[in-house]
Amino acid sequence: MEKQKNAVGRRKEAVARVYLSKGSGNITVNDKEYKAYFPIMYLQNQVELPLKTIDAQASFDIVINVQGGGPKGQAEAIKMAISRVLCEVNPEYRPALKKDGLLTRDSRMVERKKFGKAKARRSFQFSKR
């Protein structure tokens, strides 16, 4: 790998752009260290999961720009983007990542609110009298 590679991952309203290059294992999210950006351990594990799957935690430096959505959606968007860029770097990583479901786009979105309803599907409370 001569130059950096990039990929995009999406989840809910979050969009993550990942730039991967050879390095020592630094992960930066929006100019912060990823453990500072995601203080919850579960979200940190989501970000690390693709690298743990292929045993390459200390092989790459990753710079991530993420926007939109909440912390969970952002972490899952990052997870997908890292998986995609790793497949681009080395196609031999693909079977292991695919087996763990890291290359599947979770397309579920929040359903929009409809007029005449209290929420997306909930009706207003009915009163007979």
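Notes on the structure follow. (Residues numbered from 1 in each chain as written. Predicted model: local features only at pLDDT ≥ 70, side-chain atom pairs only at ≥ 80, totals over all residues. Heavy atoms only, no water.)

**Some remarks on helix α3 (residues 71–89)**
Counted at 1.5 Å a residue, the expected span for α3 with its 19 residues is 27 Å, and the 27 Å between its end C-alpha atoms agrees. Burial analysis of α3 places 14 of its 19 residues in the buried class, which makes it a mostly covered element. (Helix = DSSP H or I, 4+ residues; strand = E, 2+ residues; numbered from the N terminus. Expected span 1.5 Å × (residues − 1). Buried < 20%, exposed > 50% of the residue type's maximum accessible area, 1.4 Å probe, protein only.)

**Considerations on the nonpolar core**
Counting 29 residues, the largest nonpolar core has V47, I62, I64, I78, I82 and L86 as the members making the most contacts within it. For this core, the secondary-structure elements that each account for two or more residues are β2 (14–22), β3 (27–29), α2 (41–53), β5 (60–67) and α3. With eight residues, α3 is the largest single contributor of residues to this core. Excluding residues that lie within four positions of it along the chain, V47 makes contacts with I27, Y34, F38, A75, I78 and I82. (Core = buried A, V, L, I, M, F, W, Y, C linked by side-chain atoms within 4.5 Å. Contact = heavy atoms within 4.5 Å.)

**A few points about the pattern of salt bridges**
Counting across every chain of the model gives seven salt bridges. Note that K52 is salt-bridged to E48, the shortest N-O span being 3.0 Å. Of this pair, K52 and E48 both sit in helix α2, four residues apart, roughly one helical turn. For K52, a relative accessible area of 37% gives the class partly exposed. Put simply, K114 and E111 hold a salt bridge, and the shortest N to O gap is 2.6 Å. Judged by its relative accessible area of 26%, K114 is partly exposed. Given the relative accessible area of 37%, E111 is considered partly exposed. Each of R11, K72, E76, D106 and R108 takes part in salt bridges that share partners, so that together they form one network. (Salt bridge = Lys/Arg side-chain N within 4 Å of Asp/Glu carboxyl O.)

**A closer look at a positive patch on the surface**
Together, R10, R17, R84 and R105 give the surface a local cluster of positive charge. Structurally, R17 can be placed in strand β2. We classify R17 as partly exposed; its relative accessible area is 33%. (Patch = residues over 30% accessible without salt bridge, like charges linked within 9 Å, V, L, I, M, F, W, Y side chains within 5 Å. Areas by Shrake-Rupley, 256 points an atom, 1.4 Å probe, with all protein chains shown as cover. Lys, Arg positive; Asp, Glu negative; His and termini not counted. Charge placed at Lys NZ, Arg CZ, Asp CG, Glu CD.)

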